[in-house]
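Spelled out, the chains give:
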Amino acid sequence: MLLSQPGLIGPLQLRNRVVMAPMGTNYSTTDGLSTERDRQYYAERARGGVGMIMTEAMVVTEFARPHHNSLCVYHDRFIPGLASVVDAIHAHGALVCAQLNHRGALLRRHVLNMEPVGPSSWKNPNTGDDVRPLAVPEIIEIQKQFVASARRLYQAGYDGVEIHAGNGYLFQQFFTPRLNHRNDPYGGSFENRARFLWETLDRVKQALPDFPLIVRLSASEFTAGGYSDADIIELSKKLEKQGVAALDLSGGSNESPQLSKYCIQPPSFARGCLGPYAKPIKDAVTIPVLVAGRVVDPADAERLLADGCADFISVGRALYADPHWSAKAFGKVKAPIRKCIACNVCFERLTLEKDVACVNNPVIGTEFEALEHAEPQLFPDQRTKTPHRVLVIGAGVTGLEAARAAAARGHRVEVWEKSAQTGGQMPLAMAAPDKREVEPILGYRLAVLRELGVTIRTSMTASTAAIRAFNPDFAIVATGAAPRAHPFDVSQLAATVKVMHAWDALRDPSRLAAAQRVTIIGGGMVGAEAADLLSVQGKHCTIVEMLGTVANGMARNNRMELVERLAARGTQLLTRVKVERAIGGTLTLHGGDGTIRDIEVGDALIFATGPAPVRDVVPLLDEAGVDYELAGDCYRPGDFLSCLRDGWLAALSLEHRFRD
């Protein structure tokens, strides 16, 4: 593989072409100190085989913190903890660089009372905050802060430093004519707009001439009024002449979901989507180029290298999903890769000031993420000394995850599923456009269960007698959920109106083949995705939602793109309204402002009003005298993250349940 070949970034010899992208975690203290959690998180990815780790963006001043628990490097007190992180990474053979950043205009007053600053007056579209222009003495002070922070990284043992000049942060804000309207030496011409970055890099290189320096850029802003392709190519060539060791290419700007999606892409974006934007830049320089952007499979990375789009691949969310991605890609760990599904729960949690989590890796950032816990089937000598007979009822993702973890630990496991196929609600999750990317949630678990030889009985209805005959020591109930009953009376609707649940429409949209106009009650993720699927087929959809937004459970980058797609197809979104009654072909809606109006239902009325837990096997287990635990949606309806975490940890706790 090209990906497995060693490579040079300046004087740094990387063991392969995989660089872990700088991604926030919120695993640090509220004072910005690194923690044991940080150390374990990064060490496991170094152990997982990456060539180099780029630790998350660190702030150079206490007045520019992006999150409550972000890593900081603006004072010498941070050096010992960062040195511990560096040592943990080096212990597993990976190199480590640190990214330094100043968010500038994207700082948020409502998070940590940080003042947004930038090249010119502006209003941040994400927050509504006014941005104060920086005075020249403040610009010089920020440059000195970058130098001081880089020196601390050098003292902590880092192998290099990356300056973040992309994704809509401070240096990009100065470089783009879209936001920089200054008429002093830091605004106007190309040279003036690039001056802030160039001067900062010169200061760092003068202070630390032997410290490799990488710069991250957005290959394109993907919006009108920004810098041109010629501008970014010219900037890249100038940076090479300045002595930069490599360029790290991303895209877009985190100032809004509409532009952030080019940096943190939803599943509708093609794999390796930034490759075509990186190639002209790579062709224009001789220093190494890194590129990010929807790298899910090793094959995605291999294509980018083979096509000459980059020299190294910046792998981001895929390493949230599986810290051992590289070792698995190179055949050093014989287990399937847990693939990123681009749900962007990770990014959403950061935005909400939570610690990072991953739906396909629900124990990220804990000691259980270690390979011994993640893939216990690879460590037969560490299997439980007291194996138990475990019955898993339900072969959705919760049940399959519980079965995987329990069987890999050495327990004797059997899975019962009452339907004819495994996967539970997975067909629903994959039904909407661009949702095939969700399949690895199921595929990974089925692949491991096949390897483990776990019996999965489909079309198997549990009964007291069957449970007694199997005689389990313990049962994990993962029977999922079912759609809730209609929230209002539909008996007076016209007979011509087809009424069904959204789950049925997603499973078999042909049932609505004759319908042209569809009304969907409930605009959560299920209702919005049902509208997405049906509107692609040319149907006019109306969504009726009590809340102020639709697809509320979806990460905002993905949600905004979905809403844009729906609007482009003419889908009508009626928010903050409640159905009062349904008579004939009409729904009467009561608005939050007290208004009442009637709308035509059309040919079909679809309900997407949420699920209710299914626990019909619980009385049978009680009657059979079998102890059990509820996991996933049958415990509390949730999402992939809550379901997979339930399943994994229920299995992990089995040995502890049988202690005297």
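Located above this text is the structure these notes cover.
One structure accompanies this document, and this report is about it. (Residues numbered from 1 in each chain as written. Predicted model: local features only at pLDDT ≥ 70, side-chain atom pairs only at ≥ 80, totals over all residues. Heavy atoms only, no water.)

**A few points about the overall build of the protein chain**
Turning to step 1, where the next piece is worked out: Along its length, the protein chain carries 24 helices and 28 strands.
Turning to step 2, where the next piece is worked out: Taking 660 residues into account, the globule formula puts the C-alpha radius of gyration at 26 Å, and the protein chain, at 27 Å, falls close to it.
Turning to step 3, where the next piece is worked out: Overall size of the protein chain, expressed as C-alpha extent along the three principal axes, is 80 × 65 × 45 Å.
Turning to step 4, where the next piece is worked out: When each of the 660 residues of the protein chain is scored for burial, the buried share is 60%.
Turning to step 5, where the next piece is worked out: Contacts in the protein chain between residues at least 24 apart in sequence constitute 72% of all its contacts with a sequence separation of at least 6.
Turning to step 6, where the next piece is worked out: Total accessible area on the protein chain is roughly 24,900 Å²; 51% of this is exposed by carbon and sulfur atoms.
Turning to step 7, where the next piece is worked out: Each charge sign in the protein chain was given a centre, from 72 positive and 73 negative side chains, and these centres are 1 Å apart. (Helix = DSSP H or I, 4+ residues; strand = E, 2+ residues; numbered from the N terminus. Rg over C-alpha atoms; globule rule 2.2 N^0.38 Å. Buried < 20%, exposed > 50% of the residue type's maximum accessible area, 1.4 Å probe, protein only. Contact = heavy atoms within 4.5 Å. Areas by Shrake-Rupley, 256 points an atom, 1.4 Å probe, with all protein chains shown as cover. Lys, Arg positive; Asp, Glu negative; His and termini not counted. Charge placed at Lys NZ, Arg CZ, Asp CG, Glu CD.)

**Here we look at the state of the cysteines**
Turning to step 1, where the next piece is worked out: The tally for this structure, following the rule as stated, stands at zero disulfides.
Turning to step 2, where the next piece is worked out: Looking at the unpaired Cys263, the closest cysteine sulfur is the one in Cys273, lying at 10 Å.
Turning to step 3, where the next piece is worked out: Classification of Cys263 by relative accessible area gives buried; the value is 17%. (Disulfide = S-S within 2.5 Å.)

**Quick look at helix α6 (residues 190-207)**
Turning to step 1, where the next piece is worked out: Counted at 1.5 Å a residue, the expected span for α6 with its 18 residues is 26 Å, and the 26 Å between its end C-alpha atoms agrees.
Turning to step 2, where the next piece is worked out: At Phe196, α6 shows its largest bend, some 45°.
Turning to step 3, where the next piece is worked out: Buried within α6 are the following residues: Phe190, Asn192, Arg193, Ala194, Phe196, Leu197, Trp198, Thr200, Leu201 and Val204. (Expected span 1.5 Å × (residues − 1). Bend = angle between axes of the 7 residues up to and from the residue.)

**What to know about the pairing of strand β4 (residues 52-59)**
Turning to step 1, where the next piece is worked out: The buried fraction of β4 amounts to seven of the eight residues, a majority that puts the element mostly inside the structure.
Turning to step 2, where the next piece is worked out: Relative to β4, strand β3 (residues 18-20) is paired through two bridges, and the arrangement is parallel. Bridge assignment links Met20 to a residue of β4, and that residue is Ile53.
Turning to step 3, where the next piece is worked out: Judged from the six bridges that link them, β4 and strand β5 (residues 95-101) form a sheet pairing that is parallel. (Pairing = 2+ DSSP bridges.)

**With respect to the packing of aromatic side chains**
Turning to step 1, where the next piece is worked out: For the coordinates displayed, the defined rule picks out 16 aromatic pairs.
Turning to step 2, where the next piece is worked out: An angle of 80° between the planes, with centres 5.6 Å apart, marks the rings of Phe175 and Phe190 as edge-to-face. Within this pair, whereas Phe175 is found in helix α5 (residues 170-175), its partner Phe190 is found in helix α6, the two being separated by 15 residues in sequence. Across this residue pair, the class does not change: Phe175 and Phe190 are buried.
Turning to step 3, where the next piece is worked out: Aromatic ring contacts, followed pair by pair, group Phe146, Phe171, Phe174 and Phe196 into a single cluster.
Turning to step 4, where the next piece is worked out: The ring centre of Phe470 lies 4.0 Å from the NZ or CZ of Arg389, which sits over that ring.
Turning to step 5, where the next piece is worked out: Positioned above the aromatic ring of Trp648 is the side chain of Arg404, whose terminal nitrogen or guanidinium carbon lies 5.0 Å from the ring centre. (Phe/Tyr/Trp six-rings, centres within 6.5 Å; stacked < 30°, edge-to-face > 60°. Lys NZ or Arg CZ within 6 Å of the ring centre and 35° of its normal.)

**Here's the deal with the pattern of salt bridges**
Turning to step 1, where the next piece is worked out: On inspection of all chains with the given rule, the structure shows 39 salt bridges.
Turning to step 2, where the next piece is worked out: A salt bridge links Glu221 to Arg178; its shortest N-O distance comes to 2.9 Å. Taken as a pair, Glu221 in the loop between β10 (213-218) and α7 (229-241) and Arg178 in the loop between α5 and α6 lie far apart in primary sequence, 43 residues in all.
Turning to step 3, where the next piece is worked out: Residue Glu221 is classed as buried on the basis of its relative accessible area, which comes to 1%.
Turning to step 4, where the next piece is worked out: On the accessibility criterion, Arg178 (19% relative accessible area) is buried.
Turning to step 5, where the next piece is worked out: One salt bridge connects Arg409 with Glu655, and the closest N-O pair in it is separated by 2.3 Å. Of the two residues, Arg409 is situated in the loop between α15 (397-408) and β15 (412-416) and Glu655 in helix α24 (residues 654-657); the sequence distance between them amounts to 246 residues.
Turning to step 6, where the next piece is worked out: For Glu655, a relative accessible area of 15% gives the class buried.
Turning to step 7, where the next piece is worked out: Counted as one network, the salt bridges with shared partners bring together Arg271, Arg294, Asp297, Asp300, Arg303, Lys339 and Glu437. (Salt bridge = Lys/Arg side-chain N within 4 Å of Asp/Glu carboxyl O.)

**Describing α15**
Turning to step 1, where the next piece is worked out: Taking 1.5 Å per residue, twelve residues should reach 16 Å; α15 reaches 16 Å between its end C-alpha atoms and fits that length.
Turning to step 2, where the next piece is worked out: With twelve of its twelve residues buried, α15 lies for the most part within the structure.
Turning to step 3, where the next piece is worked out: Of all the positions in α15, only Val397, Thr398, Gly399, Leu400, Glu401, Ala402, Ala403, Arg404, Ala405, Ala406, Ala407 and Ala408 are classed as buried.

**Quick look at the side chain of Gln242**
Turning to step 1, where the next piece is worked out: Looking at where Gln242 falls in the secondary structure, it is placed in the loop between α7 and β11 (246-250).
Turning to step 2, where the next piece is worked out: Given the relative accessible area of 17%, Gln242 is considered buried.
Turning to step 3, where the next piece is worked out: Apart from the residues within four sequence positions on either side, Gln242 is in contact with Trp198, Leu201, Asp202 and Lys205.

**Comments concerning the sheet that holds strand β23 (residues 577-583)**
Turning to step 1, where the next piece is worked out: Taken in spatial order, the three strands make up an open sheet running β23-β24-β25, and their pairing is antiparallel. The open sheet has two free edges, formed respectively by β23 and β25 (596-600), since each of these has just one partner strand. Here the strands of the sheet are splayed against their neighbours by 30° on average, with no regard to which way each runs.
Turning to step 2, where the next piece is worked out: Note: strand β24 (residues 586-591) against β25, five bridges, orientation antiparallel. Across the sheet, Leu589 pairs through a bridge with Arg597, a residue of β25. (Axes fitted to C-alpha atoms, helices over the stretch in contact; angles between N-to-C directions.)

**Here's the deal with the pairing of strand β21 (residues 540-545)**
Turning to step 1, where the next piece is worked out: Counting buried positions along β21 gives five out of six residues, so the element sits mostly inside the fold.
Turning to step 2, where the next piece is worked out: Where strand β20 (residues 517-521) and β21 come together, five bridges link them in parallel fashion. Across the sheet, Ile521 pairs through a bridge with Val544, a residue of β21.
Turning to step 3, where the next piece is worked out: As defined by bridge partners, β21 adjoins strand β22 (residues 572-575) across four bridges and the pair is classed as parallel. By the bridge assignment, Ile543 is partnered in β22 with Leu573.
Turning to step 4, where the next piece is worked out: Crossover handedness for the path β21 to helix α21 (residues 556-568) to β22: right-handed. (Right-handed = clockwise from strand over helix to strand, strands pointing away.)

**Regarding the side chain of Glu353**
Turning to step 1, where the next piece is worked out: Looking at where Glu353 falls in the secondary structure, it is placed in the loop between α13 (345-351) and α14 (371-374).
Turning to step 2, where the next piece is worked out: Engagement of the side chain of Glu353 in a polar contact is seen with the side chain of Arg108, the distance being 2.7 Å.
Turning to step 3, where the next piece is worked out: Those residues in contact with Glu353 that sit more than four places away from it in its chain are Asn26, Pro66, His67, His68, Arg108 and Val111. (Polar contact = N/O pair within 3.5 Å; in protein donor to acceptor, adjacent residues only side chain to side chain.)

**Quick notes on the sheet that holds strand β6 (residues 117-118)**
Turning to step 1, where the next piece is worked out: If you trace the three strands from one edge of the open sheet to the other, you get β6-β8-β7, paired in mixed fashion. Each edge of the open sheet carries a strand with a single partner, namely β6 and β7 (122-123).
Turning to step 2, where the next piece is worked out: Note that β7 and strand β8 (residues 130-133) share two bridges and pair antiparallel. By the bridge assignment, Trp122 is partnered in β8 with Val131.

**Regarding the environment of Val315**
Turning to step 1, where the next piece is worked out: For Val315, the location among the structural elements is in strand β13 (residues 312-315).
Turning to step 2, where the next piece is worked out: Among the residues examined, Val315 registers a relative accessible area of 0% and is labelled buried.
Turning to step 3, where the next piece is worked out: In the structure, Val315 is positioned 159 residues away from Phe474 in sequence and 40 Å away in space, judged by C-alpha atoms.
Turning to step 4, where the next piece is worked out: In this structure, Val315 is in contact with Val18, Val19, Met20, Ala21, Val295 and Trp325, ignoring residues within four places of it in sequence.

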